[in-house]
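Next come the chains, spelled out residue by residue.
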Amino acid sequence: SSRTVFLLSQLEKINLDSVLGASDSARYVTSKILHLVQSQEKTRKEMTSKGSPGIEVILSTLEVKSCNFCSYGLVAVLHFIIMKCGGRRASVIVTKGGTQILLQLLLTASKESPPNEELMVLLHTLLAKIGPKDKKIGMKARINGALNISLNLVKQNLHNLRLVLPCLQVLRVYSTNSVNAVSLGKNGVVELLFKIIGPFSKKNTSLMKVALDTLAALLKSKTNARRAVDRGYVQVLLTIYVDWHGHDSRHRYMLIRKGVLQCIKSITNIKLGRKAFIDANGMKILYNTSQECLAVRTLDPLVNTSSLIMRKCFPKNRLPLPTIKSAFHFQLPVIPASGPVAQLYNLPPDVDDVVDESDDNDDAETESEIETENDDDKDQHFKNDDIETDINKLKPRQELGRSIEELKMYEQFFPELSENFQEWDLVSKEPKPFVPDANLSGPIVVPTASEE
């Protein structure tokens, strides 16, 4: 057998051995496996080939052994395999229970003082890679108590780009879960992210992009959106967008500009956000910037997102509109001197005369964000009440254009529709009463002239 298979079998034996020197042996075997994976493509193929126990042995070792070097080396092996062999191996790690093992290892490593930075970087990078393949990673992180570990690392190492970047990538994965988004928002993640995306700077643009994506995912929660509005962050986002629009003359940072718009779009999902957007003169800002982007075809995503935000926030009015907002003027024939119609016509042009009741049940929805966990499963079985399922109601009703009495005048032209056809008795020359025969089957035979 090959050397890789031999080392894996040695590592499997060490997992079952509890003698004193087992940790040293595990450290030696781990270093050899890591060297072979990094230097030989043949070894990587053997580790990831169908039927190979390589990933299972590594995961079981991470679950049993607590040696820092073994943990770092084996996590580095998994990370290198995913980076070189593609994302399909991430699904294999998830199916083998790798998410749970890595989260538990993250919790154990965080209890050390100080935590091993190299191990933390690798663990977060690996979790960010396999996270999108595991739909339950948010729930697993919350149950294991690993939810706030990444957040605390960002707070304590705000200027350490190498560590903050993978931590934010993991937070972005966690934030897809609504319960996690509310929990992280209560712990100050929204305020922390605004410190990162702060004033305009072309340094660390990759960190800026990840921070904006994470913030947009967090602001989909109405609780976090209200928190951002209360702290005046709508004006901050508009200022950041204008800064990037003015400095990005060559359009190299379109993704960052789109990330800012996605954050504004998430905030304006609530009524308070739309009001704050209008008060911050957001309509004029997005309209002017969109006009300047029309000439560049690659900036169409910015124009489309800006249009969605403006349409969502534009004041709603009833027809007819006697103001400059309307492209057409519908003049009513008679307008009472007093009444609701006259009141609408007397309103100033900038008044929204349609009451926005979209957020009247915000409190109930906020509680449901915390209480519900299987919303995705429920959505699959959701039935639309607006769809009619009664066949009788779906059939069109055929109504006569005239009454039955009026149609009787046409009976003489269609006697077959009204005459009572009966069998004629040839002897008495009188019609015989019709008696249905229960045993009669098949077509009715009409007698011929010869039979008569």
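Structure: see above.
Everything numeric here is computed off the predicted structure, so don't read it as measured data.

### Focus on the overall build of the chain
Point 1. The secondary structure content of the chain amounts to 25 helices and two strands.
Point 2. Counting across all 452 residues of the chain, residues that qualify as buried make up 38%.
Point 3. Pairs at least 24 residues apart make up 72% of the contacts formed inside the chain by residues separated by at least 6 positions.
Point 4. A total of about 27800 Å² of accessible surface is found on the chain, and carbon and sulfur atoms cover 54% of it.

### Some thoughts on a nonpolar patch on the surface
Point 1. On the surface, a nonpolar cluster with roughly 750 Å² of combined accessible area is contributed by I404, L407, M409, Y410, F413, F414 and L417.
Point 2. On the accessibility criterion, F414 (44% relative accessible area) is partly exposed.

### Thoughts on helix 9 (residues 137-144)
Point 1. Residues of helix 9 that are buried include every one of I137, G138, A141 and N144, and no others. The arc enclosing the buried residues of helix 9, seen along the axis, measures out at 140°, which places them on a common side.
Point 2. Among the structural elements, helix 7 (98-110), helix 8 (117-130), helix 10 (147-156), helix 11 (161-174) and helix 12 (178-186) are those in contact with the buried residues of helix 9.
Point 3. The positive-phi residue at the C-terminal boundary of helix 9 is G145, with phi of around 80°.

### Points about the side chain of T305
Point 1. Within the fold, T305 resides in helix 20 (residues 300-313).
Point 2. Residue contacts for T305: discarding those within four places in its chain leaves K258, L261, Q262 and K265.

### Quick word on the packing of aromatic side chains
Point 1. Enumeration according to the criterion identifies two aromatic pairs in this entry.
Point 2. For the pair F194 and Y233, a centre-to-centre distance of 3.9 Å together with 15° between the ring planes defines the contact as stacked. Residue F194 is located in helix 13 (residues 189-197), and its partner Y233 is located in helix 16 (residues 233-247); the two are separated by 39 residues in the primary sequence.
Point 3. Looking at Y233, the relative accessible area reads 14%, which means it is buried.

### Examining the environment of V236
Point 1. Relative to the assigned elements, V236 resides in helix 16.
Point 2. You can call V236 partly exposed: its relative accessible area is 33%.
Point 3. Distance from V236 to I197, taken between C-alpha atoms, is 10.0 Å for residues 39 residues apart in sequence.

### A short note on the packing of helix 4 (residues 54-64) against helix 7
Point 1. One can describe the packing of helix 4 onto helix 7 by two numbers: an axis separation of 10 Å at closest approach and a directional angle of 30°. Considering how the two elements wind past one another, helix 4 and helix 7 form a crossing that is left-handed. Contacts between helix 4 and helix 7 involve L59, L62 and E63 from the first element and G98, I101, L102 and L105 from the second.
Point 2. Residue classes in the contact of helix 4 with helix 7 are distributed as five nonpolar, one polar and one charged.

### Focus on the pattern of salt bridges
Point 1. Summed over the entire model, instances satisfying the criterion amount to ten salt bridges.
Point 2. Of the charged contacts in the structure, one is a salt bridge between R162 and E118, with a shortest N-O distance of 2.9 Å. Here R162, found in helix 11, pairs with E118, found in helix 8; they are 44 residues apart in sequence, far enough to count as distant.
Point 3. Residue classification places R162 among the partly exposed residues on the basis of a relative accessible area of 43%.
Point 4. Residue D134 pairs with K140 through a salt bridge whose shortest N-O separation is 2.9 Å.
Point 5. Given a relative accessible area of 8%, D134 falls into the buried group.
Point 6. For K140, a relative accessible area of 22% corresponds to the partly exposed category.
Point 7. Each of the salt bridges in this network shares a partner with another, and the network as a whole consists of E117, E118 and R162.

### Let's talk about unusual backbone geometry
Peptide bonds are, in most cases, trans, and in most cases residues other than glycine have a negative phi.
Point 1. With an omega of -10°, the peptide bond running from S113 to P114 counts as cis.
Point 2. Considering the arrangement of structural elements, one finds P114 in the loop between helix 7 and helix 8.
Point 3. For N204, which is not glycine, the phi torsion reads 55° and is therefore positive.
Point 4. Here N204 shows up in the loop between helix 13 and helix 14 (205-218).
Point 5. Even without being glycine, H251 reaches a positive phi, approximately 60°.
Point 6. Looking at the element boundaries, H251 is found in the loop between helix 16 and helix 17 (254-267).

Rules used throughout
- The numbers attached to residues start from 1 for each chain and follow its sequence in the written order.
- pLDDT decides what is reported in this predicted model: residues at 70 or higher carry local features, side-chain atom pairs at 80 or more are listed and counted, and totals for whole chains, interfaces and linings draw on all residues regardless.
- With hydrogens and water stripped out, all remaining heavy atoms of the structure feed into the side-chain values.
- Segments assigned H or I by DSSP are reported as helices when at least four residues long, segments assigned E as strands when at least two residues long, and all are numbered from the N terminus.
- Partly exposed residues are those whose accessible area sits between 20% and 50% of the maximum for their type, while under 20% is buried and over 50% is exposed, using a 1.4 Å probe and protein chains only.
- Note on contacts: a residue pair is in contact if any heavy atoms of the two residues lie within 4.5 Å.
- All accessibility values rest on the Shrake-Rupley procedure with a 1.4 Å probe; residue burial counts only the protein chains present in the view.
- Note that patches include only residues with greater than 30% relative accessible area and no salt bridge, and the join distances are 9 Å for like charges and 5 Å for nonpolar side chains (Val, Leu, Ile, Met, Phe, Trp, Tyr).
- Salt bridges are defined by distance alone: a side-chain nitrogen of Lys or Arg within 4 Å of a carboxyl oxygen of Asp or Glu.
- The directions from the helix axis to the C-beta atoms form the arc being described.
- Two rings belonging to Phe, Tyr or Trp (six-membered ring only in the last case) form a pair when the distance between their centres is within 6.5 Å. Interplanar angles under 30 degrees mark stacking, angles over 60 mark edge-to-face geometry, and anything in between is tilted.
- Every angle, taken between N-to-C directions, lies between 0 and 180 degrees, and every axis is a line fitted to C-alpha atoms, over only the stretch in contact when it is a helix.
- The handedness criterion is simple: a crossing whose near helix is rotated anticlockwise from the far helix by less than a right angle is left-handed, and one whose near helix is rotated clockwise is right-handed.
- Side-chain classes are defined by residue name, with Ala, Val, Leu, Ile, Met, Phe, Trp, Tyr, Cys and Pro counting as nonpolar, Asp, Glu, Lys and Arg as charged, and the others, Gly among them, as polar.

In short, shape yes, function no, at least from these values alone.
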